[in-house]
Amino acid sequence: MSLHSIVRLEPLPGKEAALRDELLRVNGPSRAEIGCLGIDVFESLRAPFVFAIHSEWTDEASLELHATLPHTVRFLAAAETLLTHPVQGLRLRHIGGGVGAGRG
């Protein structure tokens, strides 16, 4: 069963554009990783300066490896200067709705 991750990101005032650029910069290399089934970056419609990342990985080992790769390490270092809070993600398994619901 695949693993999903959701991360909510709130930029410091005045750092919105820089965070958006960093998110778009890390998205391509992350998407190309072995074990990445998909990764998408979102921008809030109602709170325009809140961003989110949703990713799906073949397994926990793939997500763990992702955290150690140079593009991710560089993003996390940049995020420390751009966010109101440390980066924290939720690791999730799909239990209802859509393709694959309830597996495992």
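Residues numbered from 1 in each chain as written. Predicted model: local features only at pLDDT ≥ 70, side-chain atom pairs only at ≥ 80, totals over all residues. Heavy atoms only, no water.

Helix and strand content of the chain: three helices and four strands. Going residue by residue from the N terminus, the α and β elements of the chain occur as β-α-β-β-α-α-β. In terms of overall size, the chain behaves like a compact globule, its C-alpha atoms giving a radius of gyration of 14 Å where 104 residues would be expected to give roughly 13 Å. Along the first, second and third principal axes, the C-alpha set of the chain runs to 45 × 30 × 20 Å. Within the chain, the proportion of its 104 residues that are buried is 34%. (Helix = DSSP H or I, 4+ residues; strand = E, 2+ residues; numbered from the N terminus. Rg over C-alpha atoms; globule rule 2.2 N^0.38 Å. Buried < 20%, exposed > 50% of the residue type's maximum accessible area, 1.4 Å probe, protein only.)

Looking now at the side chain of Ser2. With respect to the helices and strands, the residue Ser2 is situated in the segment before β1 (3-9). For Ser2, the side chain forms a polar contact with the side chain of Glu56, separated by 2.5 Å. (Polar contact = N/O pair within 3.5 Å; in protein donor to acceptor, adjacent residues only side chain to side chain.)

Moving on, we come to the side chain of Ser62. With respect to the helices and strands, Ser62 occurs in helix α2 (residues 60-66). Overall, Ser62 belongs to the buried group, its relative accessible area being 11%. Beyond its immediate sequence surroundings of up to four residues, Ser62 is in contact with Ile34, Gly35 and Trp57. (Contact = heavy atoms within 4.5 Å.)

A word on the layout of surface pockets. The calculated volume of the largest pocket comes to roughly 380 Å³. In this structure, the largest pocket is lined by 21 residues; those nearest its centre are Ser5, Val7, Leu63, His66 and Val87. Contributions of two or more residues to the lining of the largest pocket are made by β1, α1 (16-31), β2 (36-43), β3 (51-57), α2, α3 (70-82) and β4 (89-92). Per-element tally for the lining of the largest pocket: the top contributor is α1, with four residues. Of the residues belonging to the lining of the largest pocket, the class tally is 11 nonpolar, eight polar and two charged. (1 Å grid on protein atoms, 1.4 Å probe; cavity = no way out; pocket = protein on both sides within 12 Å on 5 of 7 lines; lining within 4 Å. Points joined across faces, edges and corners; volume = space filled by probe spheres on them. Nonpolar A, V, L, I, M, F, W, Y, C, P; charged D, E, K, R; others polar.)

Checked against the element boundaries, Ala18 lands in helix α1. For the pair Ala18 and Ala79, spaced 61 residues apart in the sequence, the C-alpha separation amounts to 9.4 Å.

This brings us to the confidence of the model for the chain. Detailed reading of predicted coordinates is not advised where the pLDDT is low. In this model, the chain carries a mean pLDDT of 93, and residues with pLDDT of at least 70 account for 94%. When pLDDT is averaged over each helix and strand of the chain, the minimum, 94, is found for β4 and the maximum, 98, for β3. (pLDDT = per-residue confidence, 0-100.)

One way to put it is that α1 packs onto α3 with a least axis distance of 10 Å and a crossing angle of 165°. Considering their axes alone, α1 and α3 lie roughly antiparallel with respect to each other. Of the two possible hands of crossing, α1 and α3 adopt the one that is left-handed. Across the interface between the two elements, Ala18, Leu19, Glu22, Leu23, Arg25, Val26, Pro29 and Ser30 of α1 pack against His71, Thr72, Arg74, Phe75, Ala78 and Leu82 of α3. Taken together, the residues that form the contact of α1 with α3 break down as eight nonpolar, three polar and three charged. (Axes fitted to C-alpha atoms, helices over the stretch in contact; angles between N-to-C directions. Parallel < 35°, antiparallel > 145°, perpendicular 65-115°, else oblique. Left-handed = near helix turned anticlockwise from the far one by under 90°.)

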